[in-house]
Amino acid sequence: MKRRIALKKLGLLAVGASLPESPCLGKSSAGVRQIETDVLIVGGGTAGVVAAIQTARAGCRTILVENGSRLGGTMTAGGVSFPGLFHAWGKQIIAGIGWELVSETVAMNGDALPDFTVPFGKNHPKHQIHISIPLYTLLAEEKCLQAGVNIRYYETPVKIQRSSNSWAIDVAGKGTHCRIVCNQLIDCTGNASVTSIAGYRVLREAETQPGSLIFELGGYDLKTLDAAILEDHYKKALQDGRLQKTDVLHSILGTLRAKGGGVPQHVLNADSTTSVSHTLANIDGRASLLRIIRFVKTLPGCEKASVVKMQPETAVRETYRIDGLYRITHDDYVSGRLFDDALSWSYYPIDLHVEEGVKPRHLAEGKVATIPLRALIPQKSKNLIVAGRCVSSDRLANSALRVQASCMGMGQAAGAAAALAFMNNTTPASVNVNDIKKLIRRHQGIVPE
């Protein structure tokens, strides 16, 4: 009986039915079952989780649609479990709901936060926070449910229509097809998929950054390995085709050392926009790992090497971005431009990955970038806002904006703007920026002043 009550609360049982006829309540004129909500967030990744908790805690009926099996996106399924950067120049710049999740995960796992008072110089990973993926997954889901968020896994939008004052989003999933009608819509897909399906312009370069399949190898003693011999074997494997150049990002010894979420290889053209492209990204990442482990087992001292850990998905860095009311430029970012409608900070080096690797370009001393409300709103749209790596920006600025802490700040800003837009019967672009800041602060967020 308890299970039946829980399912009914999630909209998984039709009223009066003894069996789950459909996961949606009510019926539209077209015969598709329908549910209504105040705010719909599509994408339960880094930004989407925070946006959903923010709108729900602000008092809005909130639905979160996620096409995977858990929340967290790149941080959990992709394994990039070292979020940053929350501090700049000895001062915290991003807090609120995202920081609540990260800090509680660290505390529950008995881990320690970095000493943020010590400058990292050119080594920004020193201020990234290594977290437990399982615990973060559990806490993110718990906090969503505690706030009243209706989570819908395994579903994705297939059709989006705009009426005078609402959105109708047809979603399909495992044995499901229904219509969600909402007043405010938040695109946290990372790929600007909702924005694109709704008919608004999106941006993308011909070449995108490579992705990475996060893994960890074991079964050998690093202290007994000879770096020169390993490197010689590695060069021969490249020559005879056993390895591809992108299989090993820095050195084979670096691959063997990679622990706790390192990025030891690149997957070219990794794209999560469609099921077809995402499938190919995952296949390419796993094929790369298979080549690596087969090669490693031929190395002296590594005969018993094994794959200790492998993430279920190749982590993707770049796909589509929205064409927003404002496009954040590289110059805006590195100069630390303070926008009049800035709602969150971002402090991460320009971090453009290419086939050969990545050479981060750090911000000059004292500089911290800001993210304006206008960059979260697609041109010509109403009651639609985005958060995460699909923020309106040029490619270089986006290479820094796409990281987790920045996406969490954007998620809270977008959630606050959407909640106030609903309460005031308007669109996010028309909400008073100071009111958005007040709501963010009320939920322990930090806003640019």
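One can find the structure itself at the top, above this paragraph.
A short tour of the structure in this document, coming up. (Residues numbered from 1 in each chain as written. Predicted model: local features only at pLDDT ≥ 70, side-chain atom pairs only at ≥ 80, totals over all residues. Heavy atoms only, no water.)

**Quick notes on the side chain of S381**
Okay, step 1: In this structure, S381 sits in the loop between β14 (369–372) and β15 (384–386).
Okay, step 2: Overall, the relative accessible area of 12% leaves S381 in the buried class.
Okay, step 3: A distance of 2.7 Å separates the side chain of S381 from the backbone oxygen of P378, its partner in a polar contact.
Okay, step 4: Beyond its immediate sequence surroundings of up to four residues, S381 is in contact with Y200 and T427. (Helix = DSSP H or I, 4+ residues; strand = E, 2+ residues; numbered from the N terminus. Buried < 20%, exposed > 50% of the residue type's maximum accessible area, 1.4 Å probe, protein only. Polar contact = N/O pair within 3.5 Å; in protein donor to acceptor, adjacent residues only side chain to side chain. Contact = heavy atoms within 4.5 Å.)

**What about the pairing of β14?**
Okay, step 1: Here β14 shows two buried faces, one formed by A369 and I371 and the other by T370 and P372.
Okay, step 2: Pairing geometry for strand β13 (residues 342–346) and β14, over four bridges, is antiparallel. Directly across from S346, in β14, lies its bridge partner A369. (Pairing = 2+ DSSP bridges.)

**Brief notes about empty space enclosed by the protein**
Sizing a probe to match a water molecule and rolling it over the atoms shows the empty space that remains.
Okay, step 1: Taken as a whole, this structure holds one cavity of 30 Å³ or more when the rule is applied.
Okay, step 2: Empty space within the largest cavity amounts to approximately 70 Å³.
Okay, step 3: In this structure, the largest cavity is lined by 13 residues; those nearest its centre are S344, G409, Q412, I440 and I446.
Okay, step 4: Of all the secondary structure elements, the ones that give two or more residues to the lining of the largest cavity are β13 and α11 (404–423).
Okay, step 5: With four residues, α11 is the largest single contributor of residues to the lining of the largest cavity.
Okay, step 6: Residues belonging to the lining of the largest cavity are distributed by class as follows: nine nonpolar, four polar and no charged. (1 Å grid on protein atoms, 1.4 Å probe; cavity = no way out; pocket = protein on both sides within 12 Å on 5 of 7 lines; lining within 4 Å. Points joined across faces, edges and corners; volume = space filled by probe spheres on them. Nonpolar A, V, L, I, M, F, W, Y, C, P; charged D, E, K, R; others polar.)

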